[in-house]
Amino acid sequence: ATGELHTAYALTWASFIADRALLIWTVIWLGLRVHVRLIHALRPTSLYEPMTWLGHLVAATFPSDLFWWTIWAVGLFGTLLCFRYPAKLPLRLLLLASALILLAIEFGYGELRHPNHLFLLAHLYAVVRPIGHPQTLVGHANALRNHAEAFRWYRAGLLFIYTLSGLWKWFDMTLRQWVRP
């Protein structure tokens, strides 16, 4: 039982560190969104066409600077607050929503880079994963085990989706080699 608790404690620390790394990456990602926004602002607005229902809902036309910067600031504010209050569900939902809206707007110009899918999934799964400082769980064996198990499922979910994506690409490339149009 001691070995199991030690493993659970180590996984809980790994979960905590992974969450902090995701939040740090989110700040960097938000900075990259500013760069993409500046590039998109130079393009003709007639090229902007929302590709998803969310894009139509939040920005049927190219969004104004005020709207875009507000969503961006909400995402940054949510990220910074998640550092202090990592287990607050409304903050996680706010962060996920702002990231999703920023990407829906970006997709309106027909581009959505591959790592963004994994990034969104990591934030989606972080909404339902218990997050807390591992030191608060010392002496609470069941809570420690639950945190460790949740982190295992978190990693498995990310790896499963990413594996399916890779398999789909392999299948598509293989099929193109067999059936040449």
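Just so it is clear, the structure is predicted and the values come from calculations on it, not from any experiment.

Student: Now, about the overall build of the chain: what can you tell me, with residues and values included?
Tutor: Of the regular secondary structure elements, the chain holds 6 helices and 0 strands. When the helices and strands of the chain are read in sequence order from the N terminus, they spell out α-α-α-α-α-α. On the principal axes, the C-alpha backbone points of the chain span a range of 65 × 50 × 25 Å. Counting the 181 residues in the chain, one finds 38% classified as buried. Intrachain contacts of the chain at a sequence separation of at least 6 include 78% that bridge at least 24 residues. Roughly 11,000 Å² of accessible area belongs to the chain as shown, and the carbon and sulfur atoms make up 72% of that amount. Measuring between centres, the 15 positive side-chain charges of the chain sit 5 Å from its 8 negative side-chain charges.

Student: Give a detailed account of empty space enclosed by the protein, specifying residues and quantitative values.
Tutor: Going through the model one piece at a time under the given rule, you end up with 1 cavity of 30 Å³ or more. Within this model, the largest cavity holds a volume of roughly 70 Å³. Lining the largest cavity are Arg33, Val36, Arg37, His40, Trp68, Leu102, Ile105 and Glu106. At the level of secondary structure, the elements contributing two or more residues to the lining of the largest cavity comprise helix 1 (2-41) and helix 4 (89-107). Broken down by element, the residue count for the lining of the largest cavity peaks at 4 residues, all from helix 1.

Student: So what's going on with the pattern of salt bridges? Residues and values would help.
Tutor: Enumeration according to the criterion identifies 7 salt bridges in this entry. Arg129 is the salt-bridge partner of Asp19, the closest N and O atoms lying 3.7 Å from each other. In this pair, Asp19 is assigned in helix 1 and Arg129 in the loop between helix 5 (115-128) and helix 6 (141-178), connecting sequence segments 110 residues apart. Using a relative accessible area of 0% as the deciding quantity, one classes Asp19 as buried.

Reading the values: the criteria
- Every chain is numbered independently, its residues counted from 1 as its sequence is written.
- Side-chain atom pairs in this predicted model are given and counted only at pLDDT of 80 or more, local residue features only at pLDDT of at least 70, and totals for whole chains, interfaces and linings cover all residues.
- Just so you know, side-chain values use all the structure's heavy atoms and leave hydrogens and water out.
- Secondary structure elements are defined from DSSP: runs of H or I of at least 4 residues count as helices, runs of E of at least 2 residues count as strands, and each element is numbered from the N terminus.
- When accessible area is computed with a 1.4 Å probe and restricted to protein chains, residues below 20% of their type maximum are described as buried, those above 50% as exposed, and intermediate ones as partly exposed.
- The contact rule is simple, with two residues in contact once any of their heavy atoms fall within 4.5 Å.
- For accessible areas, the Shrake-Rupley method is used with a probe of radius 1.4 Å. Any residue's cover is judged against the shown protein chains and nothing else.
- Counting rule applied: Lys, Arg positive; Asp, Glu negative; His and chain ends not counted.
- One atom stands in for each charge, and that atom is NZ of Lys, CZ of Arg, CG of Asp or CD of Glu.
- Definitions used throughout: a 1 Å grid over protein atoms alone; a cavity as a set of points that fits a 1.4 Å probe which cannot get out; a pocket as an open set with protein on both sides within 12 Å along at least five of seven lines; a lining residue as one with an atom within 4 Å of a point.
- Grid points are joined across faces, edges and corners, and a volume is the space filled by probe spheres set on the points.
- Each salt bridge in this description consists of a side-chain nitrogen of Lys or Arg and a carboxyl oxygen of Asp or Glu lying within 4 Å of one another.

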